[in-house]
Structure formats: structure tokens, C-alpha cells
Amino acid sequence: MADRELTPRIVVVGAGPAGVRAAQTLLEAGIRPVVIDEAARAGGQIYRRQPTNFRRSHEALYGTEAARAQAVHDGFDAIAATVDYRPDTLVWNIADGQVWTASERGYATLAYDALILCTGATDRLMPVKGWHYAGAYSLGAAQVALKAQACAIGARVVFMGSGPLLYLVASQYVKAGAKVAAVLDTSPLSNRLRAAVDLIAQPGILADGVALTRALAKAGVPVLTGVTPLEITGNAENGVNGVRVRLANGTERDFAADAVALGYHLRPETQLADLARCDFAFDAKTRQWLPKRDQDGRASVAGVYLAGDGARILGARSAEVSGRLAALAALADLGHKVDPLTLVHLRRQVASYARFARGLATAFPWPHEQAANLPDEAIVCRCEAVTAGDLRRVVNETGAKEANRAKAFSRVGMGRCQGRYCGHAGAEVIAACANIPVEQVGRLRGQAPVKPLPVAIAPEGEE
Amino acid sequence: MTQGRFVRLAEQDRPSLTLYVDGQPVTAMEGDTLMVAMLAAGRVLRTSEFGDGKRAGFCLMAACQDCWVWTEDGGRLRACSTPASAGLRLSTSQPGASWPTAN
Ligand SMILES: Cc1cc2nc3c(=O)[nH]c(=O)nc-3n(C[C@H](O)[C@H](O)[C@H](O)COP(=O)(O)OP(=O)(O)OC[C@H]3O[C@@H](n4cnc5c(N)ncnc54)[C@H](O)[C@@H]3O)c2cc1C
Ligand code: FES
């Protein structure tokens, strides 16, 4: 461990835009960080790379974001051999000042002086009856299939939910030659007008978004707003055959489809911050618990920093900036000199992205009211097929109104996704059933391992 | 029902490879994940242990764990994040599992 004596060890978890920019910033200051990512190739979600034998261009893959994707990829490729880069490695726990990793080489622990968590986000989901059928996928999944594997999730795809990704992924499907049956947005159009005051903070991104909607209309894809999802139709054996929704005018309508891409914007991956014992606070605007952090990304625990969508869903451009800021905060706390003007400049950018994100939350709100109306037979926990009725029974019969207690009795949140896809909706079901504000339900605590571990790997060692 | 669930839209000039799903040969391409290999040729990945029917994955980003398949000697693979390899022999149910299983 020669270099541990020379430089403090900073561990960056995640090699998306936030992690890449954090690592670069550390290296510029003369510190060689450890960069750990579960994925085989750096880039993260939005700039996810295709396998090495695929040939589509950056333009084909990333559209308007091609130049940014290229810059992040090139930026990381240039430092990959210099930093201590550990791809295909999962951080499954944080405890005792160490990260606990698992990879094909085995299990290992690694002590850190500073820890920068850039863990990104996953889709935020509200269940709908039938969402466990084969052929129902998350919106992000639909995009991954296309980006990473050049596939559509079905021959006729309905995009249902809300948020900017709904329009983005649907138009990427159209462009790639897939059949899009409809785009069904739960948010009413009027919300977008109310959101304009904040969305204008990023006129370029706003214009890109408007262009997407236009492209969909031009391609003849029905785009409907203010829609209420009623059911993903089909059966348990053969999977999805369509969706049934209530339109804004109150009529019900069926759309035939063999696949549904479902999602309501994103939720940060905060399990590691939780295991590192960071404090969380309830965000009333988006109705979720988020790890506390200062304007530069310092968490409530000394030596832990949060950047990118894993801290706040502010998008890829902001992730690059907050990754830099978090690295600078870590450097400053370790006694390095940091240029105050750079900090001011970066903070200002993040503030602008935060305003834009507030606009998105107004335009495309989390449809929490759907939870109260979920039929009892609708599955909430896809992992273990626990229904809304099962969860309500637990609330009514045991009086369990706190998320972790209700989980213990109902198993919602206990399955193999560890509450990533049912946690927010489960809390809303409990809140509606018990007639209490959702923040009183609390949040599911993160638990190690943050993902199921392969059973057959050996200890690798301690560093 | 022989048609695949996933539709290939590009990158179709890759060398092919053969793997086996429940003993049946499946033709896939180099660079496919197991999930794409199985769903470009078929409709499902596995049967839910909780009696709610067939599953074909959900998130494709290694987060939901809905895409588990098994090697014939009982090893568990996450189909959305495991590359397909020639000659691999997969099972859509856990070999020798007690029924139903938790996790
Ligand atoms: C499926 C999906 C599609 C998206 N598409 C778009 C889009 O098209 N346009 C857009 O503007 N925004 C998109 N977003 C939002 C976008 O992800 C972010 O704005 C951007 O990628 C955030 O960058 P990041 O560095 O914070 O996180 P990410 O890019 O998500 O990177 C996080 C990295 O951390 C790694 N990681 C997480 N947990 C662990 C762990 N425990 N151990 C090891 N490694 C770990 C992951 O493997 C990943 O590589 C998308 C998000 C998702 C989930
Ligand atoms: S589909 Fe979600 S983990 Fe593979």
C-alpha cells in the first residue's frame, strides 16, 4: 500500500458522468482515486456504452447528447489506466469506514479516507394492475434494450407514465424503426404551462424536449396527456396484450400492445448513503426521502460526499458539475487548496439545473393519488407478488403504519429488488389507507447487501 | 407463440452463436446479453416462484433481479447483465429447488 502513505485514499463509487468528472478532478489535484463500478464499461446510465463489437455511431446512440457522451467516454478512457479502476465490481456494503466489494475475483474490503457516492438513479414506478406480466418493463429498460442491445422490448410498444424520459425514449424508438402504439402521459398538459417559469432556466434542454413531442406527433404516434392508467391487460402465461386507460375526458380506452414501457421519472439510488449512515430529509415536492447534503455535496457524515442523480435527480449535465464539486469538497476537507471562484461558478450551474428539475417536477408530478385507487388485487411488490390488498390488510389488522414495520408484516420491500420498485408506491398505499401524510410512513432502510450476492465467490482480501 | 418478444432493430451482422435453454438450442449473436438471446428467440425468461406466472425481466439495469436464470449445475445468472456465450446450458427454473423458494 505504498501510495496510501503518499496520498489519502478516495473511493469513487460509480463511473457515470458524476463519477468520471469526480475522478478527473481528483487526478488533476494529484490524487489517484479508486473508481468502482458494477458495470463492465464506464459511462453510467445515459451514456451507457454498447458492447465493443457493436458499430452504431455516438450520434445514433445519444442523439443531441452525442458530443457530451463522447467527452465523458474520452475523459474516462484517458484516465482509466491511471486511476485504480475496478469495473464489474459491486459495492454491496459500507461499514466501519470501508467499502465492501464483490466481483468475479471475490469479496474484498477497502478502507477509505473519503468516499464519493455517484450511484445514479433507477426508474420510479407506480404499480398498475397487470404490471407483473411478461412484456411490462420499466421505461429505462426500454431505453437500455435499444441503446445497449439494439432491440425494442416488443413489436408494438405503449409508453405509459410521465416525465421527460417518456417522450425521449418513445422518440428514440420511433427513430430506430420500432412501432410505438401510443404515449400515455398521466400529467395534464396545463402543468407544463405552470412549470414554464422554472423550465426556462435551461432553454436548450427545454427546446430539445419540445422538439421530441413534435417529432412524435409528426410520426403519427398518439400522444395523450392527463391519462389515468387502469390496467395492463393480458395474462400470466402469455404476458401483455395491451393497456386500458381513462382519458382526460373521462372515457375509457384500450390500446393493443405486446409491451409496455412504464415509468414516472427517476429515483436516486441511495442505499449506500444510507448504509454510510447519512441523514435523510423528506422532499415534499417530489414526495420522497433524499440524503441531506450541502451545496457542494457533503453528506451529514464526515468524509462522505454525494454527487449526480444518486443525490438529486438533476440530470446528466448537472451530474458532471456536481461530480466535480463533490471532488473539490473532498479535496478542500483534506487540506488541499481549492479555487473559490471555481466553486462559485460550479454552484451556480447546479442551482440552475435544480431550478429546471423543479420545473420538471411541476410538469410531470409523481401521481401519488393512483396508490389510493389501486385495486386490491393489483400487485405492489413484483418480487414476491404481494398485492395492494395484502398491504392494506396489514395496515388495518396490525396497525403497522411505519414503512419498515409494514414491510416486516407484508414483505413489501423485502424481495430481491429491495424496495427499489415498490418502496415509494408502498408508502403511498400505506399513507392513503391509514389516512396519514406519506412522510409519516417514513422510508425503507437500506440493507446490506444492496443487491443479492453471487453465492460462489471467495474472499479476496483486505486493503 | 414461437416469435420472440424482443425485436432486433440494428447490429444484425454479428457472428452468431448457439446456447441451450432447457435443452433446446437457441441461436443468438456475439454481444447479446443472455436476456436478449433468450427473448429475441422466445417469450419468457422464467416462472415466478410466487405463482403469478411467467416473467421476462423488468429493469434491464441489474436492479430488479427479475431476470434470474440458472446454469444446469445450479449457478444463478442475471440475464440482463450477463453476456451470452457459445455452448452455455441454461435452465429457466432453479435446478433442484424446493418449491416455492424465497430469494
Ligand atoms: C435507464 C435510464 C436512462 C436514462 N436516460 C437518460 C437520458 O436519455 N437522458 C437524460 O438526460 N438522462 C437520462 N437518465 C438520467 C441519467 O441517468 C442521469 O442524468 C445521469 O446518467 C446521471 O449520472 P450519474 O453519474 O449521476 O449516474 P449514472 O450515470 O446512473 O451512473 C451511476 C453508476 O454507478 C454505478 N453504481 C451504482 N451503484 C453501484 C454500486 N453499489 N456498486 C458499484 N457501482 C454502482 C452504476 O453501475 C453506474 O454506472 C437516465 C436514467 C436512467 C436510469
Ligand atoms: S431485468 Fe432487472 S435485474 Fe435484470
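You'll find the structure just up there.
Draft legend 1. Structural detail: the site of ligand 1. Neighbouring residues of ligand 1: 32 residues in total, closest Ala18, Asp37, Gln143, Asp309 and Ala316 of chain A. Ligand 1 is flanked by residues contributed from chains A and B. Gln45 of chain A has a polar backbone atom sitting 2.9 Å from an oxygen atom of ligand 1. Note that an oxygen atom of ligand 1 is positioned 2.7 Å from one of the backbone N or O atoms of Ala316 of chain A. In isolation ligand 1 has 970 Å² of accessible area, and contact with the protein removes 90% of it. Listed by contribution, the elements that provide at least two residues to the shell around ligand 1 are helix 2 (17-28), strand 4 (90-95), helix 5 (139-149), helix 6 (164-176) and helix 10 (316-333) of chain A. In terms of residue count, the dominant contributor to the shell around ligand 1 is helix 5 of chain A (3 residues). Classifying every residue of the shell around ligand 1 gives 17 nonpolar, 11 polar and 4 charged. When we break the shell around ligand 1 down by domain, the ones giving at least three residues each are domain 1 (2-122 + 267-336) and domain 2 (125-264) of chain A.

Draft legend 2. Main features of the environment of Trp70 of chain B. Residue and element names in this part refer to chain B. Inspection of the secondary structure assignment puts Trp70 in strand 6 (residues 68-71). Between the C-alpha atoms of Trp70 and Pro25, which are 45 residues apart in sequence, the distance is 16 Å. Residues within four places of Trp70 in sequence aside, it is in contact with Gly75, Arg76, Arg89, Leu90, Ser91, Thr92, Ser93, Gln94 and Pro95.

Draft legend 3. Structural view of the interface of chain B and chain A. Taken together, the 40 residues of chain B in the interface contact 54 residues of chain A. A buried area of about 3,900 Å², summed over both sides, lies between chain B and chain A, and 54% of it is on carbon and sulfur atoms. The largest per-residue losses of area from chain B upon contact with chain A belong to Leu9, Phe58 and Met61 of chain B, which jointly make up 20% of the total buried on that side. The interface formed by chain B and chain A contains 5 salt bridges.

Draft legend 4. Summary view of the packing of aromatic side chains. Enumeration according to the criterion identifies 11 aromatic pairs over all chains in this entry. Ring geometry for Trp92 of chain A versus Tyr107 of chain A: centroids 6.0 Å apart, planes at 70°, classification edge-to-face. Of the two residues, Trp92 of chain A is situated in strand 4 and Tyr107 of chain A in strand 6 (residues 106-111); the sequence distance between them amounts to 15 residues. When its relative accessible area of 15% is taken as the criterion, Trp92 of chain A is described as buried. Taken together through their ring pairs, the aromatic side chains of Trp92, Trp100 and Tyr107 of chain A make up a single cluster. Residue placement shows Arg382 of chain A over the ring face of Trp131 of chain A; its charged tip is 5.7 Å from the ring centre. We note Arg416 of chain A situated over the ring of Trp68 of chain B; from NZ or CZ to the ring centre the distance is 4.1 Å.

Draft legend 5. Focus on unusual backbone geometry. Residues and elements named next belong to chain A. Residue Pro449 is bonded to the preceding Ala448 through a cis peptide linkage, with omega at -5°. When you line up the elements, Pro449 lands in the loop between helix 16 (438-441) and strand 24 (459-462). Phi is positive for Asp88, close to 55°, though the residue is something other than glycine. Take Asp88: it is sitting in the loop between strand 3 (84-86) and strand 4.

Draft legend 6. Region of the structure containing the pattern of salt bridges. If you walk through the whole model with that rule in mind, you get 36 salt bridges over all chains. Across the pair Glu384 of chain A and Arg411 of chain A runs a salt bridge, and its minimum N-O distance is 2.4 Å. Within this pair, whereas Glu384 of chain A is found in the loop between strand 22 (379-381) and strand 23 (386-387), its partner Arg411 of chain A is found in the loop between helix 14 (403-410) and helix 15 (423-434), the two being separated by 27 residues in sequence. Under the relative-accessibility criterion, Glu384 of chain A is labelled buried at 7%. Shared partners join several salt bridges into a network, and the residues in it are Arg382 and Arg416 of chain A together with Arg46, Glu49, Asp52, Arg55 and Asp66 of chain B.

Draft legend 7. Broad picture of the packing of helix 7 (residues 189-199) of chain A against helix 11 (residues 340-363) of chain A. Residue and element names in this part refer to chain A. Closest axis-to-axis distance for the helix 7/helix 11 pair is 8 Å, and the angle between their directions is 175°. Between helix 7 and helix 11, the angle falls in the class roughly antiparallel. Across from Asn191, Arg192, Arg194, Ala195, Val197, Asp198 and Leu199 in helix 7, the residues of helix 11 making contact are Arg355, Phe356, Arg358, Gly359, Leu360, Thr362 and Ala363. Among the residues forming the contact of helix 7 with helix 11, the class breakdown is 6 nonpolar, 3 polar and 5 charged.

Draft legend 8. Main features of the side chain of Glu428 of chain A. For Glu428 of chain A, the location among the structural elements is in helix 15. Aside from chain neighbours lying at most four places away, what touches Glu428 of chain A is Arg287, Trp366, His368, Ala371 and Val438 of chain A.

Basis of the calculations
- Residue positions are given per chain, counted from 1 along the sequence in the order it is written.
- Numbering of ligands from 1 and lettering of chains from A proceed in the order in which they are written.
- Thresholds applied to this predicted model are a pLDDT of at least 70 for local features of residues and 80 or more for the giving and counting of side-chain atom pairs; totals over whole chains, interfaces and linings are not thresholded and use all residues.
- The side-chain quantities take in all heavy atoms of the structure and omit both hydrogens and water.
- Note on definitions. A residue lies near a molecule or strand when any single heavy atom of the residue is within 4 Å of it.
- N or O atoms closer than or at 3.5 Å make up a polar contact, with two conditions inside protein: a donor-capable atom paired with an acceptor-capable one, and, for residues adjacent in sequence, both atoms drawn from side chains.
- Accessible surface area values rest on a Shrake-Rupley calculation with a 1.4 Å probe, where residue burial reflects the displayed protein chains alone.
- Runs of E in the DSSP output that reach at least two residues are strands. Runs of H or I that reach at least four are helices, and both are numbered from the N terminus.
- Note on residue categories: nonpolar means Ala, Val, Leu, Ile, Met, Phe, Trp, Tyr, Cys or Pro, charged means Asp, Glu, Lys or Arg, and polar means any other residue, Gly included.
- Marked domain ranges trace back to an automatic or database domain assignment.
- The criterion used for residue contact is that any of the two residues' heavy atoms lie within 4.5 Å.
- Put simply, buried area is the surface a 1.4 Å probe can reach on two separate parts but cannot reach once they are joined, added for both.
- What counts as a salt bridge is simple: a side-chain nitrogen of Lys or Arg found within 4 Å of a carboxyl oxygen of Asp or Glu.
- For this analysis, a ring pair means two rings from Phe, Tyr or Trp (six-membered ring only for Trp) whose centres lie within 6.5 Å, classed as stacked if their planes differ by under 30 degrees, edge-to-face if by over 60, and tilted for the remaining angles.
- Here's how the labels work: a residue is buried when its accessible area is under 20% of the maximum for its type, exposed when over 50%, partly exposed in between, all with a 1.4 Å probe on protein chains only.
- In our convention, an over-ring charge means Lys NZ or Arg CZ found within 6 Å of a ring centre and within 35 degrees of that ring's normal.
- For helices, the fitted axis covers only the stretch in contact; all axes are lines through C-alpha atoms, and the angles between them, taken along N-to-C directions, range from 0 to 180 degrees.
- When an angle is under 35 degrees it counts as roughly parallel; over 145 it counts as roughly antiparallel; between 65 and 115 it counts as roughly perpendicular; any other value is oblique.

Just distances and angles here, no functional claims.
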